[in-house]
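# Structure at a glance
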Amino acid sequence: MEIAFYLSGLIAVLATLGVITNTNPVHALLYLIVSLISVALVFFALGAPFAGALEVIVYAGAIMVLFVFVVMMLNLGDQGAAQERAWLKPRIWLGPSLLAAVLLVTLIATLWSGDAGRMVDGEILTAKAVGTLLFGPWLMVVELGAMLLLAALVTASHVGRTIPPDKPRINAESGARKEVS
């Protein structure tokens, strides 16, 4: 299991370097997905299957959905179709595919050798243990984090709101509407 840990960690570092050095957002996203999956394998190797599953479901899944929505919102048209043809070149997919293949071989070798139940060192972290820890001694920190996220959501909603040009602005002092000239 130590080999799986070290190899997954190395792939996470290499894939993260691919994220940082790529200028194309799609290529960077491919490397980011490989990086997140390799971090999930590190969690599994350390005996935290709950954290590994959350890594795959929340981070890798949510990032993919978010990226699909961003591409849909951009609506690049003909320029986007030309860019997609350029993305289909095998040279672009070689790096992420090679790193993902090494992760797959490591996972298959670990499962084949019967080391899947073992871990590097420590005890298994279950969902119950995470909940007990988060809502026990760390309850105040979790609540403050939730309040911070709520404040960020309200701020993003307020900053992102635009006033339609056909509606008149409201005077903040008197509350009366005034026409914009």
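Residues numbered from 1 in each chain as written. Predicted model: local features only at pLDDT ≥ 70, side-chain atom pairs only at ≥ 80, totals over all residues. Heavy atoms only, no water.

Right, let's talk about the environment of Leu 46 for a bit. Structurally, the position occupied by Leu 46 is in the loop between helix H2 (25-45) and helix H3 (49-74). Residues Leu 46 and Ile 124, spaced 78 residues apart in sequence, show a C-alpha to C-alpha distance of 8.1 Å. (Helix = DSSP H or I, 4+ residues; strand = E, 2+ residues; numbered from the N terminus.)

To continue, consider the packing of aromatic side chains. Taken as a whole and assessed by the stated rule, the structure comprises 1 aromatic pair. With a centroid separation of 5.1 Å and an interplanar angle of 70 degrees, the aromatic rings of Phe 5 and Tyr 6 are classed as edge-to-face. (Phe/Tyr/Trp six-rings, centres within 6.5 Å; stacked < 30°, edge-to-face > 60°.)

Our focus in this paragraph is the UniProt feature "transmembrane region" (unreviewed entry) in the protein chain. UniProt's entry tags residues 6-22, 29-50, 56-76, 97-114 and 134-159 with the feature "transmembrane region" (unreviewed entry), counted in the numbering of this structure. A helix fraction of 86% and a strand fraction of 0% characterise residues 29-50, whose end C-alpha atoms lie 24 Å from each other. Here residues 134-159 is 85% helix and 0% strand, with 32 Å between the C-alpha atoms at its ends. (UniProt positions renumbered as here; feature names shortened; annotations may be inferred.)

Attention now goes to the confidence of the model for the protein chain. Taken residue by residue, the protein chain gives an average pLDDT of 77. The fraction at 70 or more is 73%. Considering each helix and strand of the protein chain separately, the mean pLDDT is smallest for strand E2 (residues 177-178), with a value of 56, and largest for helix H1 (residues 2-21), with 88. (pLDDT = per-residue confidence, 0-100.)

With 22 residues, helix H7 (residues 139-160) should reach 32 Å at 1.5 Å per residue; the first-to-last C-alpha distance of 31 Å fits that figure. For H7, a buried count of 0 out of 22 residues is recorded, marking the element as mostly open to its surroundings. (Expected span 1.5 Å × (residues − 1). Buried < 20%, exposed > 50% of the residue type's maximum accessible area, 1.4 Å probe, protein only.)

On to the environment of Val 142, then. Position of Val 142 among the secondary structure elements: in helix H7. Judged by relative accessible area, Val 142 falls into the partly exposed class, the value being 26%. Beyond its immediate chain neighbours, meaning those up to four positions away, Val 142 contacts Leu 134 and Phe 135. (Contact = heavy atoms within 4.5 Å.)

Relative orientation of the contacting elements H1 and helix H5 (residues 90-113) amounts to 165 degrees, with a least axis distance of 10 Å. Taken together, the axes of H1 and H5 are roughly antiparallel relative to one another. Regarding H1 and H5, the two cross each other, and that crossing is left-handed. Two secondary-structure elements touch here, H1 through Ala 4, Leu 7, Ser 8, Ile 11, Leu 14 and Ala 15 and H5 through Leu 99, Val 102, Leu 103, Thr 106 and Thr 110. Taken together, the residues of the contact of H1 with H5 sort by class into 8 nonpolar, 3 polar and no charged. (Axes fitted to C-alpha atoms, helices over the stretch in contact; angles between N-to-C directions. Parallel < 35°, antiparallel > 145°, perpendicular 65-115°, else oblique. Left-handed = near helix turned anticlockwise from the far one by under 90°. Nonpolar A, V, L, I, M, F, W, Y, C, P; charged D, E, K, R; others polar.)

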